[in-house]
Amino acid sequence: VQLVESGGGLVQAGGSLRLSCSASGRTFSLYAMGWFRQAPGKEREFVSAISRSGGVTDYEDFGKGRFTISRDNAKDTMYLQMNSLKPEDTAVYYCAATLTRYFGGYVPTNYDYWGQGTQVTVSS
């Protein structure tokens, strides 16, 4: 599967962005999906994950109440709605996919496919 992120950009603190991850290749609904991010000088960290059907989701603590993950299997696309953005949310955001698990969870090595990333910059 090929993954392409979009929707990143520059936003002021308190603003919102919606990231998209478009997939091509095998049937999208077979993949569990996730979002990760990496800030300069830091390790890649888990943001959110969603199961194949969309019925199971998980968030890192910093995203709870602010971020919403979703997917549209008919459109082969996953989304991350981010509200109340903070400067510390500044990072490159990556989507990831795994074919071998119903739900990938927070461990990066659970995922087999990665997109190129989209930059999110939140100004104070």
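My aim in this report is to walk through the structure given alongside it, one point at a time. (Residues numbered from 1 in each chain as written. Predicted model: local features only at pLDDT ≥ 70, side-chain atom pairs only at ≥ 80, totals over all residues. Heavy atoms only, no water.)

### Here we look at the overall build of the protein
To be explicit about the condition: In this description a helix means any DSSP run of H or I spanning at least four residues, a strand means any run of E spanning at least two, and both kinds are numbered starting from the N terminus. Note that the radius of gyration is over C-alpha atoms, with the globule rule given as 2.2 Å times the number of residues to the power 0.38. For the exposure calls, accessible area comes from a 1.4 Å probe over protein chains only, and a residue counts as buried if that area is under 20% of its type's maximum, exposed if over 50%, partly exposed in between. Every residue pair with non-hydrogen atoms within 4.5 Å of one another is taken to be in contact.
Secondary structure summary: the protein contains zero helices and eleven strands in total. Helices (α) and strands (β) of the protein occur, in sequence order from the N terminus, as β-β-β-β-β-β-β-β-β-β-β. Taking 124 residues into account, the globule formula puts the C-alpha radius of gyration at 14 Å, and the protein, at 13 Å, falls close to it. Overall, the C-alpha framework of the protein stretches about 40 × 25 × 25 Å when taken along its three principal axes. Across the 124 residues in the protein, those meeting the buried criterion constitute 43%. Restricting to contacts in the protein with at least 6 residues of sequence separation, those with at least 24 account for 58%.

### Section: the pattern of salt bridges
The condition that has to hold: Here, a salt bridge means any Lys or Arg side-chain nitrogen found within 4 Å of an Asp or Glu carboxyl oxygen.
Tallied over the full model, the rule gives four salt bridges. Close ionic contact of Glu45 with Arg37 constitutes a salt bridge, the shortest N to O distance being 2.7 Å. For Glu45, a relative accessible area of 34% gives the class partly exposed. When its relative accessible area of 5% is taken as the criterion, Arg37 is described as buried. For Asp89, the salt bridge identified is with Arg37, shortest N-O distance 2.9 Å. Here the residue Asp89 occupies a position in the loop between β8 (77-82) and β9 (91-98), and Arg37 occupies one in strand β4 (residues 32-38), the gap between them amounting to 52 residues.

### Overview of the state of the cysteines
Note the cut-off: Note on terminology: disulfide denotes any pair of cysteine sulfur atoms within 2.5 Å.
According to the stated counting rule, one finds one disulfide in the structure shown. Note that Cys21 is cross-linked by a disulfide to Cys95, the S-S spacing being 2.1 Å. Linking Cys21 and Cys95, the disulfide has an S-S dihedral of approximately 60 degrees and is accordingly described as right-handed. On the criterion of sequence distance, the pair formed by Cys21 in strand β3 (residues 17-24) and Cys95 in strand β9 is long-range, its members being 74 residues apart. Comparing Cys21 with Cys95 shows no difference in burial state: the two are buried.

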